[in-house]
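Inside the fold
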Amino acid sequence: MRIDMHTHTTASDGLLTPAELVKKAFEKRLDGIAITDHDSVDALDEAIMKAKDYPEFLLIPGVELGCDHEDEEVHILGYFIDYKNIKLKKTLSALINSRWSRGISMLDKLNELGMALPKEEILRKSKETGFIGRATIARELINYGYVRDINEAFDKYLDLGKPAYVERYKLSVENTINLIHECGGISILAHPGILKKKDIMTYCVEKGIMGVECYHSKHSRNDEKLIRSFANRNGLIITGGSDFHGEKDILGDYSTDVSTIPKFRERL
């Protein structure tokens, strides 16, 4: 039962609509996907309806939340969440509002750095989806010829410590894990292989994380080996997902056989 457990839609910084993503996943012969938009569950109703077009296709409701810990950005995935939970909706609304303020500030900084991006036009387009994130701005830097790709945009301007980076409101690791659990969800540490400080994995275990994303498009074989060993020592769920946004056709290249994981299987 092959499910790509990490995907994004136009409800956050993905390029496909929820319905388009479901259709593409079905055409790639996946048994299902988890939609894990950043700070948003707005894609889920449309995706669930579209999934009904394909008998036995599974749509797992999810979310991806970003935290800061020890000067690193830590991302946590929540699966099988009650995405209509009032506390969750209020929290996501506050996070999205903070993203808007940050997006405006980052565009201002980039303009101060000499990159003449059309701020009002970018904000107008972003309002159509209700989301503005760093990937949104990175794509505009590519469109206007200031960088070659998203990695360069982040490396030069948008990552923590870079000249156009702006802080935004985030939950703590502990509060994020607790929120996911309060919504009936399963908490998973996203792409731990890209963390510079690997002891953050241990910190997340201490705060109640239920699993780790082992198989991911940015992980090396050595990363996978280290994460698998860590998960086995700590009794954690092991998952995999492509982190599909739409730029690269990697949907399904990394996946999870949910039928082998009791905590997932019992919820299907």
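Each chain carries its own residue numbering, running from 1 in the written order of its sequence. Given that this is a predicted model, residues contribute local features only at a pLDDT of at least 70 and side-chain atom pairs are listed and counted only at 80 or more, while totals for whole chains, interfaces and linings are drawn from all residues. Only hydrogens and water are removed before side-chain values are computed, so all heavy atoms of the structure are retained for them.

**A look at the overall build of the chain**
Broken down by element type, the chain carries ten helices and eight strands. Based on C-alpha atoms, the radius of gyration is set beside the globule rule, defined as 2.2 Å times the residue count to the power 0.38. Here the chain has a C-alpha radius of gyration of 18 Å; the compact-globule value for 268 residues is 18 Å, and the two agree. For the chain, the C-alpha atoms occupy an extent of roughly 55 × 45 × 35 Å along the three principal directions. For the chain, with 268 residues in total, the buried portion stands at 53%. Whether two residues touch is decided by their heavy atoms; if any such pair falls within 4.5 Å, the residues are in contact. For the chain, restricting intrachain contacts to residue pairs at least 6 apart in sequence, the fraction spanning at least 24 positions comes to 71%. All accessible-area figures derive from a Shrake-Rupley calculation using a 1.4 Å probe, and residue coverage is judged against the displayed protein chains alone. Accessible area for the chain stands at about 12,200 Å²; split by element, carbon and sulfur atoms hold 48% of it. To qualify as a helix, a DSSP run of H or I must reach at least 4 residues; to qualify as a strand, a run of E must reach at least 2; elements of each kind are numbered from the N terminus. Relative accessible area decides the class of each residue, using a 1.4 Å probe on protein chains only: under 20% of the type maximum gives buried, over 50% gives exposed, and in between gives partly exposed.

**Some points on helix 3 (residues 86-112)**
Given a rise of 1.5 Å per residue, 27 residues ought to cover 39 Å, and the 40 Å separating the end C-alpha atoms of helix 3 matches this to within 8%. Think of a polar contact as two N or O atoms within 3.5 Å of one another; within protein, one of them needs to be a possible hydrogen donor and the other a possible acceptor, and neighboring residues in sequence only count if both atoms come from side chains. Measuring from the side-chain oxygen of the N-cap residue of helix 3 to the backbone nitrogen of Lys87 gives 2.9 Å; that N-cap residue is Asn85. Note on helix 3: the residue one or two positions beyond its end, Gly114, has a positive phi of about 100 degrees. One less than the number of residues in a helix, times 1.5 Å, gives the span that helix is expected to have.

**Some remarks on the pairing of strand 3 (residues 58-69)**
Counted residue by residue, strand 3 has ten buried out of twelve residues, so it is predominantly covered. Between any two strands, at least two bridges found by DSSP are needed for them to pair. When strand 2 (residues 32-35) meets strand 3, the two strands line up parallel, connected through four bridges. Across the sheet, Ala34 pairs through a bridge with Ile60, a residue of strand 3. Both strand 3 and strand 4 (residues 72-79) contribute to a ladder of eight bridges, which runs antiparallel. Directly across from Gly62, in strand 4, lies its bridge partner Tyr79. Counting the residues between successive antiparallel strands, the hairpin from strand 3 to strand 4 contains two residues, one of them, Glu70, with a positive phi of roughly 50 degrees.

**A short note on the pairing of strand 2**
Along strand 2, one buried face is formed by Gly32 and Ala34 and the opposite face, lined by Ile33 and Ile35, is buried too. Bridge analysis of strand 1 (residues 2-7) against strand 2 gives three bridges, and the strand direction is parallel. For Asp4, the partnering residue across the bridge sits in strand 2 and is Ile33. Call a crossover right-handed when, viewed with both strands pointing away from you, the route from the first strand across the helix to the second goes clockwise. With respect to chirality, the unit in which strand 1 leads through helix 1 (residues 18-27) into the neighbouring parallel strand 2 is right-handed.

**Section: the pattern of salt bridges**
Here, a salt bridge means any Lys or Arg side-chain nitrogen found within 4 Å of an Asp or Glu carboxyl oxygen. In this structure the tally under the stated criterion is 20 salt bridges. The shortest N-O distance in the salt bridge between Lys170 and Asp68 comes to 3.0 Å. In this pair, Lys170 is assigned in the loop between helix 6 (150-158) and helix 7 (173-182) and Asp68 in strand 3, connecting sequence segments 102 residues apart. Among the residues examined, Lys170 registers a relative accessible area of 13% and is labelled buried. As a salt-bridge pair, Lys170 and Glu73 come within 3.2 Å of each other at their nearest N and O atoms. Residue Lys170 is located in the loop between helix 6 and helix 7, and its partner Glu73 is located in strand 4; the two are separated by 97 residues in the primary sequence. Taking the relative accessible area as the measure of exposure, Glu73 reaches 23% and is therefore partly exposed. Each of Asp68, Glu73, Arg134, Asp159 and Lys170 takes part in salt bridges that share partners, so that together they form one network.

**Quick notes on a negative patch on the surface**
Residues enter a patch when their relative accessible area is above 30% and they make no salt bridge; the linking distance is 9 Å between like charges and 5 Å between nonpolar side chains (Val, Leu, Ile, Met, Phe, Trp, Tyr). Counted as positive: Lys and Arg. Counted as negative: Asp and Glu. His and the chain ends are not counted at all. The location of each charge is read from NZ of Lys, CZ of Arg, CG of Asp or CD of Glu. Negative charge collects at one region of the surface, where Glu70, Asp71, Glu167 and Asp199 lie side by side. Structurally, the position occupied by Glu70 is in the loop between strand 3 and strand 4.

**Quick word on the sheet that holds strand 8 (residues 256-257)**
Consider a sheet: its strands pair through backbone hydrogen bonds, and that pairing is either parallel or antiparallel. The strand order across the open sheet formed by eight strands is 7-6-5-4-3-2-1-8, and the pairing between neighbours is mixed. With one partner strand each, in any of the chains shown, strand 7 (237-241) and strand 8 form the two edges of the open sheet. Across the sheet, helix 2 (residues 44-51) lies against strand 2 and strand 3, angled at about 155 degrees from strand 3, the strand it touches most. Every angle, taken between N-to-C directions, lies between 0 and 180 degrees, and every axis is a line fitted to C-alpha atoms, over only the stretch in contact when it is a helix.

**Comments concerning the environment of Tyr169**
With respect to the helices, strands and loops of the structure, Tyr169 is situated in the loop between helix 6 and helix 7. Along the sequence, Tyr169 and Arg2 sit 167 residues apart, while their C-alpha atoms lie 35 Å from each other. Setting aside its immediate chain neighbours within four residues, Tyr169 contacts Ala94, Leu95 and Ser98.

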